[in-house]
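If you want the building blocks of each chain, they are given just below.
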Amino acid sequence: MTGRDLDAFDLRPTADEMLARIRVDTAPARGRLRAYVGMAPGVGKTYRMLEEGHRRLARGTDVVVGFAEAHGRPHTLELAEGLEVVPRRRIEYRGVVLEEMDTDAIVARRPTVALVDELAHTNIPGSTRDKRWQDVEVIRDAGIHVVTTVNVQHLDSLADAVATITGAPVHERLPDEVLFSADEIELVDMSPHALRQRMRHGNVYPPDRTQIALERFFTEANLTALRELSLRVVARRVEGQLDAVGAGEDLPLVTERVVVLLDGTAASRRAVRRAAELAALLRGSLVAVIVEPVDAAPGFDRSRDLRKNVDDAVDLGATLVRVESADVPSAVERVAREYRATHLVLPHHPVPRWRFFPEPALSDRLIEGLPGIEVHLVGEEPVPGPR
């Protein structure tokens, strides 16, 4: 059988298969993943990773550096000394010999902990796997714990927003599931002013690159927005952990949560915007729920208008939840309970006067079913009267 024939029977998992396994795999035999997350290069993620390596080594843990990128930063280079480094794999690409992490060598070495920098990194063409996070999954499959780093802009769900904020495209992407499946996530935080000062002192980039970076990507406004995104990412993880720990327990919420009902009406369009304003004011999360009919397909006009409202909700940062149900109040109540909503924003649809026996209003049923929650009713824009 030829090499080409063998390729047809390649049993290595694909990226999609790895992601599917991440979503369901809780096997204790796998290595744990700890991720240091930061708003931008230079905040100290690699430094913190190497510090942790020294701490674990001092406690007698078998630690190796699978890959660490110091970018010429003197303090980071000094910290890398004293740690065992697994030699990198050399790959020729377009006549140039480049280096990548040698995943097979790390697995063969079988340390207790491997330090692997830049989780979102794209491997050189010709590598066994396309992305470094896939290499990390192979290392964890071997029972080796991994400590890694990632910048918030590389998350799939944030990359486009970051490109809009900074004006710089984000080429390397990391599926959100990879980061949020980590056993531990720790934020490496720094104020924008402090990071810019660190850059001016030559601790991030060489002098010939520093001024350009400060004027383009590393502006005070860009860094402030990136910092807020990184704080939200970690807050999202903490909220998820709080929900898991507090399942079945009456634990108080430490953050506000706003749930808004989406349909294809003009009132719903206003409700989404009001809900987003409320979530921003309260520094809380925003969830938009769409209740799909069980056996009736929506008409073209409703589908088109609903799509517009969904697009608005996504642009405003909402998490979308679709529920199939014939009973709208029960479906909304279920989502509000699941997400532990503190505020519920509903589009208000007045009951037609010709109805002699109207059903109880949606808001009345939800207030009855969700005592203690704040319910906000939002109507359509008022029609201007004649002058």
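Here's a quick rundown of the structure. (Residues numbered from 1 in each chain as written. Predicted model: local features only at pLDDT ≥ 70, side-chain atom pairs only at ≥ 80, totals over all residues. Heavy atoms only, no water.)

## Quick word on helix α15 (residues 362-369)
Structural remark: α-helix, 3.6 residues per turn; residues separated by three or four positions point the same way. Our working rule: Partly exposed residues are those whose accessible area sits between 20% and 50% of the maximum for their type, while under 20% is buried and over 50% is exposed, using a 1.4 Å probe and protein chains only. Counting from the N terminus, the helices are DSSP H or I runs at least four residues long and the strands are E runs at least two residues long. Regarding the arc, it is the one traced by the directions from the helix axis to the C-beta atoms. Any two residues having at least one pair of non-hydrogen atoms within 4.5 Å are treated as being in contact.
For α15, every residue scored as buried is listed here: Ser363, Leu366 and Gly369. Buried positions in α15, seen along its axis, are confined to an arc of 135 degrees and lie on one side of it. Among the structural elements, α14 (328-338), β12 (343-347) and β13 (374-378) are those in contact with the buried residues of α15.

## Topic: the side chain of Ser363
As for its position among the elements, Ser363 is in helix α15. Classification of Ser363 by relative accessible area gives buried; the value is 12%. Not counting residues up to four positions away in its chain, the partners in contact with Ser363 are Leu346, Val375 and Leu377.

## Digging into the pairing of strand β1 (residues 33-38)
Stated formally: The criterion for strand pairing is that DSSP finds at least two bridges linking the strands in question.
With six of six residues buried, β1 is to be regarded as a mostly interior element. Inspection of the sheet shows β1 paired to strand β7 (residues 145-151) by six bridges, in the parallel sense. The residue of β7 that forms the bridge with Leu33 is Val146. With five bridges joining them, β1 and strand β8 (residues 184-188) adopt parallel strand pairing. In the strand pairing of β8, Ala35 is matched with Ile185.

## Section: the packing of aromatic side chains
Using the following cut-off: Between 30 and 60 degrees the pair is tilted, below 30 it is stacked and above 60 it is edge-to-face, where a pair is any two Phe, Tyr or Trp rings, Trp via its six-membered ring, whose centres lie within 6.5 Å. By the criterion adopted, a ring carries a charge over it if an Arg CZ or a Lys NZ lies within 6 Å of its centre and within 35 degrees of its normal.
Evaluation of the coordinates by the stated rule reveals two aromatic pairs. Aromatic ring contacts, followed pair by pair, group Tyr205, Phe217 and Phe218 into a single cluster. Sitting over the face of the ring of Phe67, Arg132 holds its NZ or CZ atom 3.9 Å from the ring centroid. One cation-aromatic arrangement involves Arg209 over Tyr205; the distance from NZ or CZ to the ring centre is 4.3 Å.

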